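One letter stands for each residue in the lines below.
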Amino acid sequence: MRLIVHNMLSCNIRGVVNKFPLRIEPEKVIVKEVDFNPDFLKHMIAKIDWKALVDGARSMGYPELPDHPPTTLESDESFLRKFHHSLLELNLEEGSLVCPETGRKFSVNKGIPNMLLHEDEV
Amino acid sequence: MPPRIAAIPLVSSHRELYEPCDDSFALVDALLADRTHLIENNPKVCMEIGCGSGYVITSLILLLKNEVPGVHYLATDTNPIATRVTKETLEAHGVHADIVCADIASGLEKRLAGSVDVIVVNPPYVPTPDYEVGMEGIASAWAGGVNGRTVIDKILPVVDILLSEKGWFYLVTLTSNFPAEICLMMRKKGYASRIVVQRSTEEENLLILKFWRDKDEECQDKEISSSFVSQFSKSISSLMEKQWR
């Protein structure tokens, strides 16, 4: 699971209010190289919850992202490279995603988060 | 050179999983037929709900990847085996999509709302008793409940949440799913629709429907509704005649 997906996942249990972001409990993190595409990154940054990305990357052992993204991205390749690495190259291979309100754990196996609910949670 | 789609020998499989079949091929044919428009639409986020073997999402990636770089592809399935097999199929073709094991798009709806530019769905559409819907394993790939509509009718409102303003939605249906009624339901939500591919096999009469937002389409009028349904039936019959000619 890449952090671009983590940034889109919320706890889906019925009645939960504080459902995002899910806390990452990593067991195995791998890095998979992805082609660098500045246009894609510039498009995505508006949709990304920055704090969730920064905290997610830190919990996966990558503390390089600044607390706030720079206001101009055009000339800042070193920032875009870090953003690229955090968003697209860090992979949670094994671990859990934890709901901030209920503590419910959603497992991640072989890189795939399992968001299926039990009957009493729907 | 014709655009590449997924190669069957590279599609991974599992005994608890539905293999690519006529319906999957018809959906990929619809995407191929619409490929030029898809490229022009320049999608940023594409998603398959119910990815099964991964044949369709892999094909979608392959047929767009050279012309539309930097697309985020997502795939969901309620069957954990399907999510693993889809990952294998993608890897065998050297492409990537982010996979989530989820019921339709559960867990993604809040943050992805209004952001998805292309959604493709080959739902469980086979008419079955309702109790067969949502059973674990391979049945979840086809058991569609009454008129094959139980799961389709759950998917439609989710698609309406996820789809962007310029978003397109491709849906596999059978004529026995009452597709005119599906189009009418979507029309009431503000979507125009058309049949991209019609295909009759020995067992089923498949229609691949495409939906897009159209502000002029919102209507509640009953008279227009009934004429819409009769027009829809006419266009299906004329498509079927063409096929048999």
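Structural data are supplied above this passage.
Read on for an overview of the structure. No experiment lies behind these values; they were computed from the predicted model shown. (Residues numbered from 1 in each chain as written. Chains lettered and ligands numbered in written order. Predicted model: local features only at pLDDT ≥ 70, side-chain atom pairs only at ≥ 80, totals over all residues. Heavy atoms only, no water.)

1. Regarding the pattern of salt bridges
To be explicit about the condition: Salt bridges are counted wherever a side-chain nitrogen of Lys or Arg sits within 4 Å of a carboxyl oxygen of Asp or Glu. Think of it in three bands: residues with accessible area under 20% of the maximum for their type are buried, residues over 50% are exposed, and the middle band is partly exposed, with areas taken using a 1.4 Å probe on protein chains only. Numbering goes from the N terminus for both helices and strands, where a helix is a DSSP run of H or I of at least four residues and a strand is a run of E of at least two.
In this structure the tally under the stated criterion is 15 salt bridges over all chains. Linking Glu25(A) and Arg23(A) is a salt bridge whose minimum nitrogen-to-oxygen distance equals 3.2 Å. When its relative accessible area of 25% is taken as the criterion, Glu25(A) is described as partly exposed. Residue Arg35(B) is joined to Glu67(B) by a salt bridge in which the shortest nitrogen-to-oxygen separation is 3.0 Å. With Arg35(B) in helix H2 (residues 35–41) and Glu67(B) in the loop between helix H3 (55–64) and strand S2 (72–77), the pair connects residues that are 32 residues apart, well separated along the chain. Under the relative-accessibility criterion, Glu67(B) is labelled partly exposed at 41%. Members of the salt-bridge network, linked through shared partners, are Arg23(A), Glu25(A) and Lys105(A).

2. What to know about the nonpolar core
Condition: Here, nonpolar core means buried Ala, Val, Leu, Ile, Met, Phe, Trp, Tyr and Cys residues that are tied together by side-chain atoms lying within 4.5 Å of each other. What makes two residues a contact is simply this: any of their non-hydrogen atoms within 4.5 Å.
Counting residues in hydrophobic clusters, the biggest one holds 112 residues, and the most contacted among them are Phe83(A) and Phe169(B). No other element matches H3(B), which puts eight residues into this core. Excluding residues within four positions of it along the chain, Phe83(A) makes contact with Leu41(A), Ile45(A), Ile48(A), Trp50(A), Leu53(A) and Leu65(A).

3. Focus on the interface of chain B and chain A
Definition in use: We define buried area as the total accessible area lost by two parts upon association, computed with a 1.4 Å probe and summed across both. Each polar contact in these results corresponds to two N or O atoms within 3.5 Å; when the atoms are within protein, one needs to be able to donate a hydrogen and the other to accept it, and residues that are neighboring in sequence are counted only if both atoms are side-chain atoms.
Taken together, the 26 residues of chain B in the interface contact 25 residues of chain A. Overall, the association of chain B and chain A removes approximately 2100 Å² of surface from exposure, summing both partners, and the carbon and sulfur fraction of that is 62%. Connecting chain B to chain A are two salt bridges. Across the pair Lys87(B) and Glu93(A) runs a salt bridge whose closest N-O atoms are separated by 3.9 Å. On the surface where chain B and chain A come into contact, there are 10 residue pairs in polar contact (both at pLDDT 80 or more). Of all the secondary-structure elements, those providing two or more residues to the side of chain B that touches chain A are S2, helix H4 (80–92), strand S3 (98–101) and helix H5 (109–112) of chain B. A per-element tally of the side of chain B that touches chain A places H4(B) first, with five residues.

4. Brief notes about the sheet that holds strand S5 (residues 163–174) of chain B
All names here are of chain B. Filter applied, for reference: Only strands that DSSP links by at least two bridges are regarded as paired with each other. Only the stretch in contact is used when fitting a helix axis, every axis being a line fitted to C-alpha atoms; angles between N-to-C directions are given from 0 to 180 degrees.
The sheet built from seven strands is open, its strands ordered S3-S2-S1-S4-S5-S7-S6 with mixed pairing. The sheet is open, and its two edges are formed by S3 and strand S6 (191–200), each paired on a single side. Between one strand and the next, the sheet's axes are offset by a mean angle of 15 degrees, whatever the strand orientation. With four bridges joining them, S2 and S3 adopt parallel strand pairing. The residue bridging Ala75 from the neighbouring strand is Ile99, located in S3. Strands in contact with helix H1 (residues 22–33) are strand S4 (116–121), S5, S6 and strand S7 (205–213); relative to S6, the strand with the most contacts, it is inclined by about 125 degrees.

5. Quick word on the pairing of strand S1 (residues 45–49) of chain B
All names here are of chain B. Keep this limit in mind: Consider the strands pointing away from the viewer: the crossover is right-handed when the path from the first strand over the helix to the second runs clockwise.
Among the five residues that make up S1, five are buried, leaving the element largely enclosed by the rest of the structure. What you see with S1 is no split at all: Val45, Met47 and Ile49 on one side and Cys46 and Glu48 on the other are buried throughout. Handedness of the S1-H3-S2 crossover: right-handed. Looking at chain direction, S1 and S4 are connected through four bridges and run parallel. Counted as the bridge partner of Glu48 is Val120 from S4.

6. Thoughts on the pairing of S6(B)
With seven of 10 residues buried, S6(B) is to be regarded as a mostly interior element. Joining the antiparallel neighbours S6(B) and S7(B) is a turn of four residues.

7. Side note on the packing of helix H3 (residues 50–59) of chain A against helix H4 (residues 77–89) of chain A
When two helices pack together, their arrangement is given by the angle between their axes and by how far apart the axes lie. All names here are of chain A. Here is the rule we go by: An angle below 35 degrees is treated as roughly parallel, one above 145 as roughly antiparallel, one from 65 to 115 as roughly perpendicular, and anything else as oblique. Residue polarity is assigned by list, with Asp, Glu, Lys and Arg as charged and Ala, Val, Leu, Ile, Met, Phe, Trp, Tyr, Cys and Pro as nonpolar; anything else, Gly included, falls into the polar class.
Contact geometry for H3 and H4: axes closest at 10 Å, N-to-C directions at 75 degrees. Relative to H4, H3 is oriented roughly perpendicular. The residues of H4 that touch H3, namely those facing Trp50, Leu53 and Ala57, are Phe79, Phe83, Ser86 and Leu87. Taken together, the residues of the contact of H3 with H4 break down into six nonpolar, one polar and no charged.

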